[in-house]
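One letter stands for each residue in the lines below.
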Amino acid sequence: MTLSDGSFPFFTFNHWSPAIMRIRLYALLGLPVIFSLSGCSLSPSLPFLGAAFPDWLYCLAGGAALTGLIFSLCGNKLSERFKLNLASWLLIAATFSMIIWLFIFS
């Protein structure tokens, strides 16, 4: 089916409303999200006292423990020198957690 000027109606953008264009754009942008939702085939976990806990939980506990150790040893000196607040200590704990994951679980 062609129009009188020889063009195909499906490829002419004149008859698409802005709402339809927006829906098609959202559908196009949503495709990578749909394909990324596959997840892991198996959850990495370690058994501890009869229960299997995920690896990230061990890393989080280790990062919090290392951050608590650093804070108890030299927290006041670091806080005064670098003006560390709660967000800084949380980022230090997250950094330690990622380092633990990198060296132990990967």
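Numbering of residues starts from 1 in every chain and runs along the sequence as written. With the structure being a predicted model, the display of local features is reserved for residues of pLDDT at least 70 and the display and counting of side-chain atom pairs for 80 or more, all residues being used for whole-chain, interface and lining totals. Note that the side-chain values use all heavy atoms of the structure and ignore hydrogens as well as water.

## Regarding helix α3 (residues 86–105)
Numbering of helices and strands runs from the N terminus; a helix is a DSSP stretch of H or I covering at least four residues, while a strand is a stretch of E covering at least two. Expected span of a helix, by definition, is 1.5 Å for each gap between consecutive residues, and there is one gap fewer than residues. In this model α3 runs 27 Å from its N-terminal to its C-terminal C-alpha over 20 residues, within 8% of the 28 Å that 1.5 Å per residue would give. Of the positions making up α3, those classed as buried are Trp89, Ala93, Ser97 and Ile100. All buried residues of α3 lie within an arc of 85° about the axis, which places them on one face of the element. Opposite its buried face, α3 presents the exposed residues Leu91, Met98, Leu102 and Phe103, each directed more than 90 degrees away. Burial classification: accessible surface area is computed with a 1.4 Å probe over protein chains only, and a residue below 20% of its type maximum counts as buried, one above 50% as exposed, and the rest as partly exposed. Here the arc refers to the directions that run from the helix axis out to each C-beta atom.

## Brief notes about the pairing of strand β1 (residues 45–48)
Strand residues, when the strand is regular, have side chains that alternate between the two faces of the sheet. Here β1 pairs with strand β2 (residues 51–54) via four bridges, running antiparallel. Within β2, the residue paired with Phe48 across the bridge is Ala51. For two strands to be treated as a pair, DSSP must find at least two bridges joining them. Between β1 and β2, which pair antiparallel in sequence order, lie two residues; one of them, Leu49, sits at a positive phi of approximately 55°.

## Quick look at the packing of helix α2 (residues 55–82) against α3
Note on method: axes are straight lines fitted to C-alpha atoms, helices fitted across the in-contact stretch only, with angles between N-to-C directions ranging 0 to 180 degrees. Following both chains from N to C, one finds α2 and α3 inclined at 135°, their axes separated by 7 Å at the closest point. Classified by the angle between their axes, α2 and α3 sit oblique to one another. Crossing geometry of α2 relative to α3 is assigned as right-handed. Its residues placed into classes, the contact of α2 with α3 shows 15 nonpolar, six polar and one charged. Any angle that is under 35 degrees is reported as roughly parallel, and any over 145 degrees as roughly antiparallel; angles of 65 to 115 degrees are reported as roughly perpendicular and all others as oblique. Crossing chirality is assigned from the near helix's rotation relative to the far helix, an anticlockwise turn below a right angle marking it left-handed and a clockwise turn marking it right-handed. Note on residue classes: Ala, Val, Leu, Ile, Met, Phe, Trp, Tyr, Cys and Pro are nonpolar, Asp, Glu, Lys and Arg are charged, and everything else, Gly too, is polar.

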